[in-house]
Amino acid sequence: MKLSRTILFTACLGILTLGSMNAVADTAAQKFGRGLAGMTCGFLELLGNIVKETQKQGVVGIPMGLAKGIGMIVTRELVGVYEFISAPFPVPSGFKPILSPEYPWSYFSK
């Protein structure tokens, strides 16, 4: 149990480090990190979309953000699996991210 916590902590730390890199071109390592982040942190889409919609529409955006967030959890998880598996291949060209924002915690960094 202690070993799995250590591995999880190390993986999360690595993901956060990859997410903060400001490289000009995306790399296979960044695509791998995006995939890992999408698979493990997809639940952040729920709160992130609520934040995004309330910033645009005020309090009225809460139910819309909730609905979008629930749908985006599934999308983020599936795209995460795809990016994780296809990390060595430059598809889409140049290892560009499929989803925007690139990482699920990016909703909160503004």
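Everything numeric in this text was worked out from a predicted model, so none of it was measured.

**Student:** What exactly am I supposed to notice about unusual backbone geometry here?
**Tutor:** The bulk of non-glycine residues show a negative phi, and the bulk of peptide bonds are trans. A cis amide bond links valine 91 to the next residue, proline 92, at an omega of -5°. On the secondary structure map, proline 92 appears in the segment after helix H4 (61-85). In this chain, serine 100 is followed by proline 101 through a cis amide linkage whose omega measures 5°. With respect to the secondary-structure elements, proline 101 resides in the segment after H4. At phenylalanine 95, a residue that is not glycine, the phi angle is positive and equals roughly 60°. Relative to the helices and strands, phenylalanine 95 is located in the segment after H4.

**Student:** Teacher, can you tell me more about the packing of helix H3 (residues 44-57) against H4 here?
**Tutor:** The axes of two packed helices give the description: the angle between them and the distance between them. Look at H3 against H4: their axes get within 7 Å of each other, and the N-to-C directions meet at 145°. Between H3 and H4 lies a crossing whose hand is right-handed. Note on element contacts: H4 touches H3 through Gly61, Ile62, Met64, Gly65, Leu66, Lys68, Gly69, Ile70, Met72, Ile73 and Arg76, opposite Glu45, Leu46, Asn49, Ile50, Glu53, Thr54 and Gln57.

**Student:** So what exactly am I meant to see when it comes to the packing of aromatic side chains here?
**Tutor:** By convention here, two paired aromatic rings are described through the distance between centres and the angle between planes. Applying the stated criterion across every chain, the model contains two aromatic pairs. Their ring planes at 15° and their centres at 5.2 Å tell us that tyrosine 103 and tryptophan 105 sit as a pair that is stacked. For tryptophan 105, a relative accessible area of 19% corresponds to the buried category.

**Student:** Help me out: how do you make sense of the environment of asparagine 49 in this one?
**Tutor:** Looking at the secondary structure, you find asparagine 49 in helix H3. The exposure class assigned to asparagine 49 is buried, which follows from its relative accessible area of 2%. C-alpha separation for the pair asparagine 49 and proline 104, spaced 55 residues apart in sequence, amounts to 9.9 Å. Discounting chain neighbours no more than four positions away, the residues touching asparagine 49 are Gly65, Lys68, Gly69, Met72 and Tyr107. In terms of polar contacts, asparagine 49 uses its side chain to reach the backbone carbonyl oxygen of glutamate 45, at 2.9 Å.

**Student:** It is not clear to me how the side chain of glutamate 45 should be interpreted in this structure. Could you clarify?
**Tutor:** Position of glutamate 45 among the secondary structure elements: in helix H3. Classification of glutamate 45 as buried rests on a relative accessible area of 0%. Glutamate 45 has contacts with Gly69, Met72, Ile73, Arg76, Pro104 and Tyr107, leaving out every residue within four places of it along the chain.

Criteria and thresholds
Residues numbered from 1 in each chain as written. Predicted model: local features only at pLDDT ≥ 70, side-chain atom pairs only at ≥ 80, totals over all residues. Heavy atoms only, no water. Helix = DSSP H or I, 4+ residues; strand = E, 2+ residues; numbered from the N terminus. Axes fitted to C-alpha atoms, helices over the stretch in contact; angles between N-to-C directions. Left-handed = near helix turned anticlockwise from the far one by under 90°. Contact = heavy atoms within 4.5 Å. Phe/Tyr/Trp six-rings, centres within 6.5 Å; stacked < 30°, edge-to-face > 60°. Buried < 20%, exposed > 50% of the residue type's maximum accessible area, 1.4 Å probe, protein only. Polar contact = N/O pair within 3.5 Å; in protein donor to acceptor, adjacent residues only side chain to side chain.

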